[in-house]
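This is what each chain is made of:
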Amino acid sequence: MTEANKFDAVLTWLRAGYPEGVPPKDYFPLLALLARTLDDDQITKAILTLVAEHGHEPVTEDRIQDAIAQVTNEAPNSEEINQVASRLAAVGWPLDSTVSV
């Protein structure tokens with residue numbers, strides 16, 4: 001699968017799992033899950049796309065990169081990861097950490 005197709009698949013899962021947008025409490029666990037599948041630039045593009053679609057507070061690339069760095073340095077707890085993973089699994093997100101989209 002091409003990188004573009006992988007990215008589109010991730011966006012499809014995110015839109016299905018969060019049709020009303022991602023609630024703030026799910027940001028960090030979601031970033032931790034996305035980091036298993038996408039690189040930092042792809043995560044930034046995905047978040048900017050979703051934010052634009054749902055009109056949430058302004059989010060900049062710098063804020064997203066800071067959040068990615070925070071997740072990298074201090075991962076969310078397993079309960080938070082499981083909650084977000086379960087929500088995305090319900091719409092087809094592969095839960096294996098070696099995701100092959």
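Conventions adopted
- Residues numbered from 1 in each chain as written.
- Predicted model: local features only at pLDDT ≥ 70, side-chain atom pairs only at ≥ 80, totals over all residues.
- Heavy atoms only, no water.
- Helix = DSSP H or I, 4+ residues; strand = E, 2+ residues; numbered from the N terminus.
- Expected span 1.5 Å × (residues − 1).
- Buried < 20%, exposed > 50% of the residue type's maximum accessible area, 1.4 Å probe, protein only.
- Polar contact = N/O pair within 3.5 Å; in protein donor to acceptor, adjacent residues only side chain to side chain.
- Core = buried A, V, L, I, M, F, W, Y, C linked by side-chain atoms within 4.5 Å.
- Contact = heavy atoms within 4.5 Å.
- Salt bridge = Lys/Arg side-chain N within 4 Å of Asp/Glu carboxyl O.

### As for helix α3 (residues 40-54)
Then, in step 1: With 15 residues, α3 ought to run about 21 Å at 1.5 Å a step, and its terminal C-alpha atoms sit 21 Å apart, in line with that.
Then, in step 2: Residues of α3 that are buried: Q42, I43, T44, A46, I47, L50 and V51.
Then, in step 3: The backbone nitrogen of D41 has a side-chain oxygen 3.1 Å away, supplied by the residue at the start of α3, namely D39.

### A short note on the nonpolar core
Then, in step 1: Within the largest apolar cluster, 27 residues are counted, with the highest numbers of intra-cluster contacts made by V10, L14, L30, L34, I43, I47 and L88.
Then, in step 2: Those elements that provide at least two residues to this core are α1 (3-17), α2 (27-34), α3, α4 (61-73) and α5 (78-89).
Then, in step 3: A total of six residues in this core trace back to one element, the largest contributor, which is α1.
Then, in step 4: Excluding residues that lie within four positions of it along the chain, L34 makes contacts with V10, L14, I43, I47 and W93.

### Re the pattern of salt bridges
Then, in step 1: Taken as a whole, this structure holds one salt bridge when the rule is applied.
Then, in step 2: In this structure, K25 engages D26 in a salt bridge whose closest nitrogen and oxygen atoms are separated by 3.3 Å.
Then, in step 3: Classification of D26 as buried rests on a relative accessible area of 2%.

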